[in-house]
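One-letter residues, chain by chain:
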Amino acid sequence: MSYNHSRRLFLGRTLAASAVSAAGILTYSGATHADKVAVEKLYYGPKPGIAKLNANENPFGPSPDAIKAMTEAISTGGAYYAYPAAMKLLDMLGEYYGLERENISLSAGSSPVLSFAAMAAASKGTILGPDLFWDTTSSVPLKQGGPEIKRVPNTADLDIDLDALYQAIDEDVAMVHVCNPNNPTGKTLDPIKLKEFCIKASKKTLVLVDEAYNELIDDPVKNSMVPLIKQGHNVIVARTFSKIYGLAGLRVGYMLGAPEKIEWINRYGLGTYTINQAGLAAAIASFNDQSFIKFSRDKISEAKGIILDAVKANGLSALPSSTNFVFVDLGKNGDANAFRMAMAKENILIRGQYRTYQNWSRVSAGRIADVKRYADAIPKALEFMQRST
Ligand SMILES: Cc1ncc(COP(=O)(O)O)c(C=O)c1O
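Residues numbered from 1 in each chain as written. Predicted model: local features only at pLDDT ≥ 70, side-chain atom pairs only at ≥ 80, totals over all residues. Heavy atoms only, no water.

1. Observations regarding the layout of surface pockets
At step 1: Taken as a whole, the second largest pocket spans an internal volume of roughly 350 Å³.
At step 2: Lining the second largest pocket are 18 residues, with Tyr96, Asn214, Pro220, Val221 and Arg239 positioned closest to its centre.
At step 3: The biggest single contributor to the lining of the second largest pocket is helix 13 (residues 290-313), with three residues.
At step 4: Here the residues of the lining of the second largest pocket sort into 10 nonpolar, four polar and four charged. (1 Å grid on protein atoms, 1.4 Å probe; cavity = no way out; pocket = protein on both sides within 12 Å on 5 of 7 lines; lining within 4 Å. Points joined across faces, edges and corners; volume = space filled by probe spheres on them. Helix = DSSP H or I, 4+ residues; strand = E, 2+ residues; numbered from the N terminus. Nonpolar A, V, L, I, M, F, W, Y, C, P; charged D, E, K, R; others polar.)

2. Regarding the environment of Ser286
At step 1: For Ser286, the position within the fold is in helix 12 (residues 277-286).
At step 2: Sequence separation between Ser286 and Phe241 is 45 residues, and the spatial gap between their C-alpha atoms is 8.7 Å.
At step 3: For Ser286, the contacting residues outside a window of four places in its chain are Ser63, Ala66, Tyr245 and Leu247. (Contact = heavy atoms within 4.5 Å.)

3. Things to note about the pattern of salt bridges
At step 1: Applying the stated criterion across every chain yields a total of 15 salt bridges.
At step 2: The salt bridge involving Glu346 is made with Lys380; its shortest N-O contact spans 3.1 Å. Of this pair, Glu346 sits in the loop between helix 14 (336-345) and strand 11 (348-349) while Lys380 sits in helix 15 (residues 368-388), placing them 34 residues apart in sequence.
At step 3: Looking at Glu346, the relative accessible area reads 30%, which means it is partly exposed. (Salt bridge = Lys/Arg side-chain N within 4 Å of Asp/Glu carboxyl O. Buried < 20%, exposed > 50% of the residue type's maximum accessible area, 1.4 Å probe, protein only.)

4. Thoughts on the site of the ligand
At step 1: Every one of the 14 residues lining the ligand counts as a neighbour, but Ser110, Ser111, Asp210, Thr240 and Ser242 are closest to it.
At step 2: At 2.7 Å, a backbone N or O of Ser110 approaches an oxygen atom of the ligand.
At step 3: Contacts to the ligand include Ser111, whose side-chain N or O atom sits 2.6 Å from an oxygen atom.
At step 4: Coverage of the ligand by the protein amounts to 93% of the 400 Å² it exposes when considered alone.
At step 5: It is helix 5 (residues 110-122) that provides the largest number of residues to the shell around the ligand, a total of three residues.
At step 6: When grouped by side-chain class, the residues that make up the shell around the ligand number five nonpolar, six polar and three charged. (Near = heavy atom within 4 Å. Polar contact = N/O pair within 3.5 Å; in protein donor to acceptor, adjacent residues only side chain to side chain. Areas by Shrake-Rupley, 256 points an atom, 1.4 Å probe, with all protein chains shown as cover.)

5. What to know about the sheet that holds strand 8 (residues 253-256)
At step 1: Judged by pairing direction, the sheet is mixed, and its seven strands sit side by side in the order 2-8-7-6-5-3-4 without closing on themselves. In this open sheet, the two strands that pair with only one neighbour each are strand 2 (104-107) and strand 4 (150-152). Between one strand and the next, the sheet's axes are offset by a mean angle of 20°, whatever the strand orientation.
At step 2: Two strands pair when backbone bridges link them, and strand 3 (residues 126-130) and strand 4 are joined in this way by three bridges, in the parallel orientation. Its bridge partner being in strand 4, Gly129 is matched across the sheet by Arg151.
At step 3: In the packing of helix 5 onto the sheet, contacts are made with strand 2, strand 3, strand 5 (173-179), strand 6 (206-210), strand 7 (235-240) and strand 8, and the angle to strand 8 comes to roughly 40°. (Pairing = 2+ DSSP bridges. Axes fitted to C-alpha atoms, helices over the stretch in contact; angles between N-to-C directions.)

6. Points about the packing of aromatic side chains
At step 1: For the coordinates displayed, the defined rule picks out 11 aromatic pairs.
At step 2: Ring centres of Tyr96 and Tyr97 lie 4.9 Å apart, and the angle between their planes is 80°; this geometry places the pair in the edge-to-face category.
At step 3: Ring geometry for Phe241 and Tyr245: centres 4.9 Å apart, planes at 35°, overall tilted.
At step 4: Cluster of aromatic residues (ring-pair linked, three or more members): Tyr96, Tyr97, Phe241, Tyr245, Tyr254 and Phe287.
At step 5: Sitting over the face of the ring of Phe325, Arg362 holds its NZ or CZ atom 5.5 Å from the ring centroid. (Phe/Tyr/Trp six-rings, centres within 6.5 Å; stacked < 30°, edge-to-face > 60°. Lys NZ or Arg CZ within 6 Å of the ring centre and 35° of its normal.)

7. A short note on the side chain of Asn182
At step 1: Assignment of secondary structure puts Asn182 in the loop between strand 5 and helix 8 (191-201).
At step 2: Within the structure, Asn182 has its side chain in polar contact with the backbone oxygen of Leu132 (distance 2.8 Å).
At step 3: When sequence neighbours within four positions are dropped, the list of residues in contact with Asn182 reads Leu132, Phe133, Trp134, Asn154, Ile160, Lys187, Thr323 and Phe325.

8. Description of the sheet that holds strand 12 (residues 360-364)
At step 1: Taken together, the three strands give an open sheet; going across it, the order is 9-10-12, and neighbouring strands pair in antiparallel fashion. Two strands lie at the open edges of the sheet, namely strand 9 (317-318) and strand 12, each paired on one side alone.
At step 2: Sheet topology places strand 9 next to strand 10 (residues 325-329); two bridges connect them, and they run antiparallel. Bridge pairing in strand 10 links Ser317 to Asp329.

9. A closer look at unusual backbone geometry
At step 1: Omega for the peptide link from Gly61 to Pro62 comes to -10°, which places this bond in the cis form.
At step 2: In this structure, Pro62 sits in the loop between strand 1 (51-52) and helix 3 (64-77).
At step 3: Each neighbour pair has its own omega, and for Asn180 with Pro181 the value is -10°, a cis peptide bond.
At step 4: Among the secondary structure elements, Pro181 is positioned in the loop between strand 5 and helix 8.
At step 5: Look at Asn56: it is not a glycine, yet its phi comes out positive at around 55°.
At step 6: Of note, the phi angle at Asn347 is positive, near 65°, even though the residue is not glycine.
At step 7: Among the residues examined, Asn347 registers a relative accessible area of 38% and is labelled partly exposed.

10. Digging into the confidence of the model for the protein
At step 1: Of the residues in the protein, 89% have a pLDDT of 70 or more, and the chain-wide mean is 91.
At step 2: Below pLDDT 50 for its whole length, residues 5-29 participates in 30 contacts with residues either more than four positions away or in separate chains. (pLDDT = per-residue confidence, 0-100.)

11. Describing the nonpolar core
At step 1: Residues Phe197, Phe241, Phe339 and Tyr374 are the most contacted members of the largest nonpolar core, which totals 92 residues.
At step 2: Here this core takes 10 residues from helix 15, the largest share from any one element.
At step 3: Not counting the four nearest positions on each side in its chain, Phe339 is found in contact with Leu330, Ile350, Ser361, Tyr374, Ile378, Ala381, Leu382 and Met385.
At step 4: Core analysis: the next-biggest nonpolar cluster, separate from the first, contains 18 residues, Phe116, Met175, Ala238 and Ile265 among them. (Core = buried A, V, L, I, M, F, W, Y, C linked by side-chain atoms within 4.5 Å.)

Here is the structure:
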């Protein structure tokens, strides 16, 4: 049975059952037409007809084993706090990375631990980052009256300029934030250069490497900065189950670092209390599932191929992507907001303009049928964009 097929069978049954209890309007037995309608009205994913390509979710997950584990975990453990499962996941991660429980902080997705790290850093000074990166969590302190992120321009190729970042570290910088691969560019840094940077920069300040998309790189292990933690460098690394494992809605992520750094970050929130039994069950069942990881990676690659072919066929170009999204150059007079609006008219959701990068548009490698719709809609969206600029 293919992943998709078994997944749908399982999901169909599970969702029908949960529709009953959530809505409280249907009887438990039998999947009727009414069940189907109720299921379609639930808000547990994109509504029918919507191509959701705006948030870098991986629609090829959860894996069948994760779905089975979640179903069991909900019925036996839904009434209980998830502490034992959290410890189990910590031990699995610890064993894999050669680290201890004290080196790891779990949270509901990596966003909470990333935000706690930002709050901790902002209590001491400024956060330094490139102009273009996933700045959502390092912007949290600003919302509480903290300092603005200190930014360094990206290179002409939209890479993170590690030399410039290093030069910008002064005594006020409490943390430098690097996303590798980066979002929204999808680009990966040379691992040797990044390692050199981390070692050098961490002598001056704390270095945070956000590796949310690491498992999508061709050689994830070579590109990870986690080994620097064991070597005693002042580096922390964030990882997530939201991307390659397709568990964005189940919310499991973590931060790795020296015990005193993890303890310092944990003062800003109770990460472990934010995770839930179902998410943990899915993460535990998925972490070592190499065949699902391969399946997921292959499907994402197929979806990216469709996007890249269409981009080229329409006379556009895109950055090379090591992630599950593509950063498309709409050309000299391109307007990412107008392009997004045109796509939205077709019920295709993508991202609009980032900062001052008006001609750059990000699209996620979502379901195959959805990226095909995106591909087919490009000419019409370009025409709309040109008319409106
Ligand atoms: C670079 C990067 N880091 C972290 C996250 C946060 O993901 P999550 O909170 O689901 O782990 C995202 C989400 O898209 C991301 O792009």
